[in-house]
Protein chains: 2
Amino acid sequence: MSMDLTFLGTGSAYPSPHRGASALVLRAEGDCWLFDCGEGTQTQLMKSQIKANRITKVFISHLHGDHLFGLPGLLCTVSLHSSAAPSKELEPVEIFGPQGIRKFLRVSLGLSNSQLVFPYVVHELVPTADQCPSDGLLEATETTCDERLHPQEGQGRTLHLDPAQDCYTLVENQQFTVKGFRLFHRIPSFGFVVEERERPGKLKAHVLQELGIKPGPAYGRLKNGQSVTLENGVVVCPADVLEEALPGRKVCILGDCCSLVGDAGHRMCHGADVLVHEATLDDSQKDKALEHGHSTPSMAAQFANACQAKQLILYHFSQRYKPLALFKEHDDDDVMQLKKQAEDILPGKDVILAEDFLTIPIPIKRYN
Amino acid sequence: MSMDLTFLGTGSAYPSPHRGASALVLRAEGDCWLFDCGEGTQTQLMKSQIKANRITKVFISHLHGDHLFGLPGLLCTVSLHSSAAPSKELEPVEIFGPQGIRKFLRVSLGLSNSQLVFPYVVHELVPTADQCPSDGLLEATETTCDERLHPQEGQGRTLHLDPAQDCYTLVENQQFTVKGFRLFHRIPSFGFVVEERERPGKLKAHVLQELGIKPGPAYGRLKNGQSVTLENGVVVCPADVLEEALPGRKVCILGDCCSLVGDAGHRMCHGADVLVHEATLDDSQKDKALEHGHSTPSMAAQFANACQAKQLILYHFSQRYKPLALFKEHDDDDVMQLKKQAEDILPGKDVILAEDFLTIPIPIKRYN
């Protein structure tokens, strides 16, 4: 299954003509999952090769406007481009985000009288009080939705921290699990770990031949992990005829943060194939970064190092760092210094600086 | 006083890379008033010559997302670019829009924990039930804000229709009046008339000389409309020494509509120097336009004709009509047909098709 990651916006704080506000798409076999949706994401999608109507899930790391304000408009535009009549039969678009996002969407779509041709549900992550300074916590009155559901809204789940695992379980399907973990920022922020399930190894053709099993339904059953009883009474177990299982890929995407809360993030991101981490300011601005709840390249690299991530991608750059293509010789704020600062912590590794419309393939893994 | 109008977004329904969502700026001596603020307006402003922090008033014609969803982000970004500490001393940014806009801003800015360095107030226009089909009216529960004011929000006014004038009075200052009138659309929509006050004519130097009045405070008093008593007891009235007053300019900007409600719009737009009218679809699509509460070029031109507008500017084009610069010979949807359809109703007049970043100067008027 092909998988890739496309950055639609790599700027922090606000969208600019040089860098869109935060948004990236994880694409797996054409199915698209959107991570954050700053203002202008729909226009960035139009400029990309990604079809907005292939977005089936949306994950919002935190409620700052540069990660959120594009969502109502994106939903409206996807709907306008879908010709179908409104239908509750369709699979709902699932939206995950911090408590308060349900109200934001309900009020935005409600007041603008926006009708969608597809259903949606909002699953809210309930943050813990230690995820931000106290003035970043929303009061109950601010997040409470006493209004009715939007006409196209289905009832979503309220997701509390699983104290045993120190994480939130968002998605569990045949191919993937997605879990959330807590970050520290000015307001509650989350990281997401997308983990592909391991896939059965190839069938060992020569063993099957020796056992006298011919291509057919038995092959499928064995590949799916079921034993098969031959006509001669011999029971063949999948382990007898399958190569080693193929490990799944792991993609970790962190929202804005200056640190983690608890150690779940370290554990869950361990061995990440791709780790996407913010680096708002360069290391010389570390005090300012911390003051605003943000990271620098070396902070990101230290985390990548601690969890032995195979590939670190930096994003969410202050708009002062122009994309490389626009950098002029005597400009002060060279984005390449961010790459260097991260690579100094990760000797021998190539750190990627995300740019708008950069696509990173995530190849199938080989045997462990 | 220099005045001009700059279109930041001329597309309908959603922003695209070719046409931004609805937004235009009326600039008078550097002071900027924003009319509508679709998603991406802040980025369009960055691409233009207009400074976002010069925006002192915002007028939202109706609550559809393509006219509204850019407003929270714009306020946040203007604030980020202002270095001042939060201050209630500053003049508040005044925001005018249909009932519900106060809640939209309060919820968007509140949930995103957005603090502004300037105060703002929201003045809500209360629509009447005949401004749209019944399913486009918001219920009281949808618009009610029972939450506290946002920390930077001042108490705005609730503006009801003045039944005698059939309009809403939004602004009255020394230089301008701004009034709103009712349009018919799928949801309540408004048109705005900005009228510059007439300015006193020039002093007649030879008359002043004959009367023996020397340049000084008396000149200012006469110019300001006050009489002056000379040492010899003669009373000089302004009318004796002033040329005819200079008429003020009148700029009319209509939100989405397929017709007016009442006849105030005709009366108030009479003699407009500039009339900005939507033309979402061309005349061959009139049924579809009406179905969606929109206008075609000939509808806009008929209104311009009825109120003897001196200049008609069309905007809010379906995204199918690409800007002229991107039009290819065999494309079906030539935006120039919209110009022709309007000009057929207005023989001898040049109708302007707005494009993103088009600036139209509005010169000082000469004597009536």
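Since the model is a prediction, treat every value here as computed from it, not as a measurement.

**Topic: the overall build of chain A**
Then step 1. For chain A, the count of helices and strands is twelve helices and 19 strands.
Then step 2. For chain A, whose C-alpha radius of gyration is 23 Å, the value lies close to the compact-globule estimate of 21 Å for 368 residues.
Then step 3. Across the 368 residues that make up chain A, the buried fraction comes to 57%.
Then step 4. A separation threshold of at least 6 residues defines the contact pool for chain A, and within that pool the share at least 24 residues apart is 69%.
Then step 5. Just so you have it, chain A exposes about 15700 Å², and 51% of that area is on carbon and sulfur atoms.

**Focus: the interface of chain A and chain B**
Then step 1. Contacts between the two partners involve 43 residues from chain A, matched on the other side by 43 residues from chain B.
Then step 2. Summed over both partners, the interface of chain A with chain B comes to about 3200 Å²; 61% of that surface belongs to carbon and sulfur atoms.
Then step 3. Interface area lost by chain A to chain B is led by A:Glu39, A:Phe69 and A:Leu111, which between them contribute 22%.
Then step 4. Run the count over chain A and chain B and you get two salt bridges.

**Considerations on the packing of aromatic side chains**
All names here are of chain B.
Then step 1. Taken as a whole and assessed by the stated rule, the structure comprises 18 aromatic pairs over all chains.
Then step 2. Look at Phe 59 and Phe 192: their rings are 5.5 Å apart centre to centre, the planes differ by 55°, and that puts the pair in the tilted class. With Phe 59 in strand β4 (residues 55–59) and Phe 192 in strand β11 (residues 189–196), the pair connects residues that are 133 residues apart, well separated along the chain. Neither residue differs from the other here; Phe 59 and Phe 192 are each classed as buried.

**Digging into the relation of the copies chain A and chain B**
Then step 1. For the pair chain A and chain B, the relating rotation is 180°, the translation along its axis is 0.0 Å, and the fit reaches an RMSD of 0.1 Å. Both copies of the chain, as the preceding transformation shows, are related through a two-fold rotation axis. Proximity to the rotation axis, assessed at the C-alpha, singles out A:Gly40 in chain A; its C-alpha lies 2.7 Å from the axis.
Then step 2. Here 100% of the contact residues of chain A are again contact residues in chain B; the copies associate through an equivalent surface.

**Some remarks on helix α4 (residues 101–111) of chain B**
All names here are of chain B.
Then step 1. With respect to burial, α4 is a largely interior element, eleven of its eleven residues being buried.
Then step 2. Turning to α4, its buried residues number three or more, namely Ile 101, Arg 102, Lys 103, Phe 104, Leu 105, Arg 106, Val 107, Ser 108, Leu 109, Gly 110 and Leu 111.
Then step 3. One or two steps after α4, the chain reaches Asn 113, where phi turns positive at roughly 55°.

**Considerations on the packing of helix α11 (residues 297–306) of chain A against helix α12 (residues 336–345) of chain A**
Residue and element names in this part refer to chain A.
Then step 1. Where α11 meets α12, the axes come as close as 8 Å, and the angle between the chain directions of the two elements is 35°. α11 and α12 meet at a crossing whose hand is right-handed. Of α12, the residues touching α11 (which contributes Pro 297, Ser 298, Ala 301, Gln 302 and Asn 305) are Leu 338, Gln 341, Ala 342 and Ile 345.
Then step 2. Among the residues forming the contact of α11 with α12, the class breakdown is five nonpolar, four polar and no charged.

**Considerations on the nonpolar core**
Then step 1. Residues A:Ile95 and B:Ile95 are the most contacted members of the largest nonpolar core, which totals 66 residues.
Then step 2. Each residue touching B:Ile95, except ones within four places of it in the same chain, is listed here: B:Val58, B:Leu71, B:Leu75, B:Ile101, B:Leu105, B:Tyr120, B:Val121, B:Val122 and B:His123.
Then step 3. Judged by nonpolar contacts, the second largest core, of 32 residues, contains A:Cys167, A:Met268, A:Ala272 and A:Leu312.

**A few points about the pairing of strand β1 (residues 3–9) of chain A**
All names here are of chain A.
Then step 1. Burial of β1 is extensive: seven of the seven residues sit out of reach of the surface.
Then step 2. Pairing geometry for β1 and strand β2 (residues 23–28), over six bridges, is antiparallel. Opposite Thr 6, over in β2, you have Val 25 as the bridge partner.
Then step 3. Of the strand pairs in this sheet, β1 and strand β19 (residues 359–361) are connected by three bridges, and their pairing is antiparallel. Among the inter-strand pairings, Leu 5 is bridged to a residue of β19, identified as Ile 360.

**Here's the deal with the packing of helix α4 (residues 101–111) of chain A against α4(B)**
The description of two packed helices rests on the angle between their axes and on the distance between the axes.
Then step 1. Contact pair α4(A) / α4(B): the axes reach a minimum separation of 10 Å and the direction vectors enclose 155°. For the element pair α4(A) / α4(B), the angle class is roughly antiparallel. Crossing geometry of α4(A) relative to α4(B) is assigned as left-handed. In this structure, α4(A) contributes A:Lys103, A:Phe104, A:Val107, A:Ser108 and A:Leu111 to the contact, and α4(B) contributes B:Lys103, B:Phe104, B:Val107, B:Ser108 and B:Leu111.
Then step 2. Tallied by class, residues from the contact of α4(A) with α4(B) come to six nonpolar, two polar and two charged.

**Details of the pattern of salt bridges**
Residues and elements named next belong to chain A.
Then step 1. All chains considered together, the criterion is met by 30 salt bridges over all chains.
Then step 2. We note a salt bridge from Lys 365 to Asp 273, for which the minimum N-O separation is 3.2 Å. Separated by 92 residues along the polypeptide, Lys 365 in the segment after β19 and Asp 273 in the loop between α9 (264–268) and β16 (274–278) bring together distant segments of the chain.
Then step 3. Looking at Asp 273, the relative accessible area reads 11%, which means it is buried.
Then step 4. Beyond isolated ion pairs, a larger network of salt bridges with shared partners links Asp 130, Asp 166 and Arg 182.

**Considering the confidence of the model for chain A**
Should the pLDDT be low somewhere, the predicted coordinates at that spot are not to be read in detail.
Then step 1. Per-chain confidence: chain A averages 94 in pLDDT, with 98% of residues scoring 70 or above.
Then step 2. Across the interface, the model reports ipTM at 0.94; the global pTM reads 0.94.

**Brief notes about the side chain of B:Ser79**
Then step 1. Along the chain, B:Ser79 falls in helix α3 (residues 71–80).
Then step 2. Beyond its immediate sequence surroundings of up to four residues, B:Ser79 is in contact with B:Gln115, B:Leu116, B:Val117 and B:Phe118.

Conventions we followed
Residues numbered from 1 in each chain as written. Chains lettered and ligands numbered in written order. Predicted model: local features only at pLDDT ≥ 70, side-chain atom pairs only at ≥ 80, totals over all residues. Heavy atoms only, no water. Helix = DSSP H or I, 4+ residues; strand = E, 2+ residues; numbered from the N terminus. Rg over C-alpha atoms; globule rule 2.2 N^0.38 Å. Buried < 20%, exposed > 50% of the residue type's maximum accessible area, 1.4 Å probe, protein only. Contact = heavy atoms within 4.5 Å. Areas by Shrake-Rupley, 256 points an atom, 1.4 Å probe, with all protein chains shown as cover. Buried area = accessible area lost by both parts, 1.4 Å probe. Salt bridge = Lys/Arg side-chain N within 4 Å of Asp/Glu carboxyl O. Phe/Tyr/Trp six-rings, centres within 6.5 Å; stacked < 30°, edge-to-face > 60°. Least-squares fit on C-alpha atoms with pLDDT ≥ 70 in both. Axes fitted to C-alpha atoms, helices over the stretch in contact; angles between N-to-C directions. Left-handed = near helix turned anticlockwise from the far one by under 90°. Nonpolar A, V, L, I, M, F, W, Y, C, P; charged D, E, K, R; others polar. Core = buried A, V, L, I, M, F, W, Y, C linked by side-chain atoms within 4.5 Å. Pairing = 2+ DSSP bridges. Parallel < 35°, antiparallel > 145°, perpendicular 65-115°, else oblique. pLDDT = per-residue confidence, 0-100.

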